[in-house]
Amino acid sequence: MPTHHETRTWRPPPLVGASGAAVPWPVRRVLGLQRHGGGDPTFRVAADEAVWRGLRTPLGPATLVVAARPSEGVVVTEAWGPGATWALDSVPALLGSEDDWSGFSTDHPVLLEARRHHPHLRLGRTGLVMEALVPAIIEQKVTGQEAFAGFRMLVRRFGEPAPGPQAAALDLHVQPTPETIRQIPSWAWLKMHVDPPRSKAIVRAARVADALERTIGLDGDEVERRITSIPGIGEWTSAEVRQRAHGDPDAVSFGDYHVAKDVGWALTGTPWDDDQLREFLEPYRPQRGRVPALVAAAGLHRPRRGARMAPRGHLPARVTRW
């Protein structure tokens with residue numbers, strides 16, 4: 001039976017650059033937030049700059065390709081699989097069309113300058129909670145190298161190839177279902193370098209996956225309460241999910257190794273801790289997440305002079321390539 005296939009063209013609202021000329025919709029910048037490391041098997045950028053994603057939608061797996069056509073002022077989208085229609089319906093929100101900066105204002109000169117240089121920052125939302133939550137839990141309290149490797153192994157071993165005739169050539173995959181996650185044995189998690197505290201949190205989340213998906217559209221504080229009610233999931237992980245799945249501009253990744261330090265250094269020349277960051281951001285509620293986003297977009301971060309955090313050595317040393 002042929003794989004379901006659809007194409008659509010989306011004409012986003014026009015964006016105007018500093019010179020007054022029209023600028024293209026920032027497709028790759030917006031979608032880049034959804035990528036978990038350069039080897040993410042659910043995310044590919046093709047030679048023609050089109051972005052390919054393997055999704056697990058409420059209607060089933062889908063392959064979604066998004067390509068900007070600046071000369072025409074449109075975004076061309078294409079999808080395959082049972083979830084193709086859902087994936088195409090999600091594109092405007094995914095690309096940040098619903099993101100509203102009108103409530104954000106600042107008088108800090110660094111932030112004003114960052115906003116002037118990056119007037120078209122957009123926070124998209126996928127509407128897919130488990131898609132964001134699983135890699136976020138894997139990324140808890142470990143190096144990026146270790147986290148991204150664990151996520152790759154999980155998807156390759158327990159996910160599935162993305163649908164469509166071209167996805168195989170890109171080696172594109174879809175994350176495993178919650179049902180599959182619930183059945184992964186403890187030894188398999190260890191082979192993926194995911195320790196028991198994190199693997200147990202992922203399995204707990206998979207047991208209530210349907211309820212978590214229903215948090216889309218809820219107030220950010222309520223989303224936080226529901227996500228963090230799962231043992232092993234804290235404030236940092238919740239914020240990572242709220243940013244990606246819910247498009248919440250108030251979500252801040254408190255507890256991150258870099259965020260507070262980098263924002264403090266960018267704005268005052270002195271790295272901050274989380275308490276200092278909270279105090280500074282309070283007047284920006286309910287758009288506190290805009291501040292770290294502007295700092296990151298401007299490429300402002302404290303000098304990295306120290307040695308990188310070393311990967312942990314108490315898990316199996318042999319990396320299995322799945």
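What you see is a predicted model; the values in this text were computed from it and never measured. (Residues numbered from 1 in each chain as written. Predicted model: local features only at pLDDT ≥ 70, side-chain atom pairs only at ≥ 80, totals over all residues. Heavy atoms only, no water.)

Some remarks on the overall build of the protein chain
Broken down by element type, the protein chain carries 15 helices and nine strands. For 322 residues, the compact-globule formula gives about 20 Å, and the C-alpha radius of gyration of the protein chain, at 20 Å, lands near that figure. Across the protein chain, every contact between residues at least 6 apart in sequence was considered, and the portion connecting residues at least 24 apart equals 66%. By element, 53% of the accessible surface of the protein chain is carried by carbon and sulfur atoms, the whole surface being about 15,600 Å². (Helix = DSSP H or I, 4+ residues; strand = E, 2+ residues; numbered from the N terminus. Rg over C-alpha atoms; globule rule 2.2 N^0.38 Å. Contact = heavy atoms within 4.5 Å. Areas by Shrake-Rupley, 256 points an atom, 1.4 Å probe, with all protein chains shown as cover.)

Quick notes on the confidence of the model for the protein chain
Averaged over all residues, the pLDDT of the protein chain equals 93, while 94% of them reach at least 70. Across residues 317-322, where pLDDT falls below 50, the model places 13 contacts with residues more than four positions away in sequence or in other chains. (pLDDT = per-residue confidence, 0-100.)

Focus on the sheet that holds strand β5 (residues 51-57)
With respect to topology, five strands assemble into an open sheet ordered β1-β7-β6-β5-β4, the strand pairing being antiparallel. Each end of this open sheet is capped by a strand with a single partner; those strands are β1 (5-10) and β4 (43-45). For this sheet, the mean inter-axis angle between neighbouring strands, taken without regard to orientation, is 20 degrees. Examined bridge by bridge, β1 and strand β7 (residues 74-80) share six bridges and lie antiparallel to one another. Paired with E6 across the strands is A79, a residue of β7. (Pairing = 2+ DSSP bridges. Axes fitted to C-alpha atoms, helices over the stretch in contact; angles between N-to-C directions.)

Regarding the packing of helix α4 (residues 109-117) against helix α15 (residues 290-297)
Interaxial distance between α4 and α15 falls to 9 Å at its minimum, and their mutual angle equals 65 degrees. Considered as vectors, α4 and α15 are oriented roughly perpendicular to each other. Judged by the twist between their axes, the crossing of α4 over α15 is left-handed. On α15, the residues touching L111, A114 and R115 of α4 are V291, L294 and V295. Residues of the contact of α4 with α15, tallied by class, amount to five nonpolar, no polar and one charged. (Parallel < 35°, antiparallel > 145°, perpendicular 65-115°, else oblique. Left-handed = near helix turned anticlockwise from the far one by under 90°. Nonpolar A, V, L, I, M, F, W, Y, C, P; charged D, E, K, R; others polar.)

Examining the pairing of β5
Counting buried positions over the seven residues of β5 gives six, a clear majority of the element. With three bridges connecting them, β4 and β5 associate as antiparallel partners. When the bridges of β5 are listed, R44 appears paired with W52. With seven bridges connecting them, β5 and strand β6 (residues 60-69) associate as antiparallel partners. Bridge pairing links R56 to P61 in β6. Hairpin connection of β5 to β6: two residues between the antiparallel strands. (Buried < 20%, exposed > 50% of the residue type's maximum accessible area, 1.4 Å probe, protein only.)

Considerations on the packing of aromatic side chains
Enumeration over the complete set of coordinates arrives at six aromatic pairs. Measuring from centroid to centroid gives 5.7 Å for F280 and Y284, while their planes differ by 40 degrees, and the two rings are tilted. Taking relative accessible area as the criterion, F280 reaches 22% and is therefore assigned partly exposed. Grouping aromatic residues by their ring pairs yields a cluster made of W101, F104, W272, F280 and Y284. For K261, the ring lying beneath its charged end belongs to Y257, and the centroid distance is 4.9 Å. Between the NZ or CZ atom of R278 and the centre of the ring of F254, over which it lies, the distance is 4.1 Å. (Phe/Tyr/Trp six-rings, centres within 6.5 Å; stacked < 30°, edge-to-face > 60°. Lys NZ or Arg CZ within 6 Å of the ring centre and 35° of its normal.)

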